[in-house]
Amino acid sequence: MVYKIDQDYDAELTPQHGRFRRALMTIVLVIGFAIAESTLWLFALTQFCIFVVRGEPNIFICKTSNSVSEWVASTVKFVMFASNTAPFPFNPWPKNDI
């Protein structure tokens, strides 16, 4: 089965960076994504243990995991060409809203 690419591709989402630069940025971000995933697993297990022992979550872990998850979301958007805004380390780290 042959699929056609949608010809109505949004020009705003086309890469503003050169192809080679965008490819290098994507490689860096995919490596960072793997590190962030491991970090979030560690945070989740630690938060679970703290909650079981103390009965309340650790605020530092809540704030940190929130900013990491926002970075992960912006990374996925950039890598999948849903956004043209490169996340950290190419722009500032996301702010905490908690």
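Everything below is about the structure shown above.
Draft legend 1. Quick peek at the packing of helix H1 (residues 19–54) against helix H2 (residues 59–79). For the pair H1 and H2, the least separation of the axes is 9 Å and the interaxial angle reads 150 degrees. Considering the angle they form, H1 stands roughly antiparallel to H2. Relative to H2, the crossing made by H1 is left-handed. In this structure, H1 contributes Arg 22, Met 25, Thr 26, Leu 29, Gly 32, Phe 33, Ala 36, Leu 40, Phe 43, Thr 46, Gln 47 and Ile 50 to the contact, and H2 contributes Ile 61, Cys 62, Thr 64, Ser 65, Val 68, Trp 71, Val 72, Thr 75, Val 76, Phe 78 and Val 79. Here the residues of the contact of H1 with H2 are counted per class, giving 15 nonpolar, 7 polar and 1 charged.

Draft legend 2. Geometry of the nonpolar core. If you look at the biggest cluster of nonpolar residues, it comprises 9 residues: Met 25, Leu 29, Ala 36, Val 68, Trp 71, Val 72, Phe 78, Val 79 and Ala 86. Of all the secondary-structure elements, those providing two or more residues to this core are H1 and H2. Here the element with the most residues in this core is H2; it accounts for 5 residues.

Draft legend 3. Local environment of the packing of aromatic side chains. In total, this model carries 2 aromatic pairs according to the counting rule given. Ring plane angle 15 degrees and centroid distance 6.1 Å describe the contact between Trp 71 and Trp 93, whose orientation is recorded as stacked. Highlighted residues: Trp 71 in helix H2 and Trp 93 in the segment after H2, separated in sequence by 22 residues. For Trp 93, a relative accessible area of 37% gives the class partly exposed. By the ring-pair criterion, three or more aromatic residues cluster together here, those being Trp 71, Phe 88 and Trp 93. Here Arg 22 stacks its cationic end above the ring of Phe 78, 3.8 Å away from the centre of that ring.

Calculation criteria
- Residues numbered from 1 in each chain as written.
- Predicted model: local features only at pLDDT ≥ 70, side-chain atom pairs only at ≥ 80, totals over all residues.
- Heavy atoms only, no water.
- Axes fitted to C-alpha atoms, helices over the stretch in contact; angles between N-to-C directions.
- Helix = DSSP H or I, 4+ residues; strand = E, 2+ residues; numbered from the N terminus.
- Parallel < 35°, antiparallel > 145°, perpendicular 65-115°, else oblique.
- Left-handed = near helix turned anticlockwise from the far one by under 90°.
- Contact = heavy atoms within 4.5 Å.
- Nonpolar A, V, L, I, M, F, W, Y, C, P; charged D, E, K, R; others polar.
- Core = buried A, V, L, I, M, F, W, Y, C linked by side-chain atoms within 4.5 Å.
- Buried < 20%, exposed > 50% of the residue type's maximum accessible area, 1.4 Å probe, protein only.
- Phe/Tyr/Trp six-rings, centres within 6.5 Å; stacked < 30°, edge-to-face > 60°.
- Lys NZ or Arg CZ within 6 Å of the ring centre and 35° of its normal.

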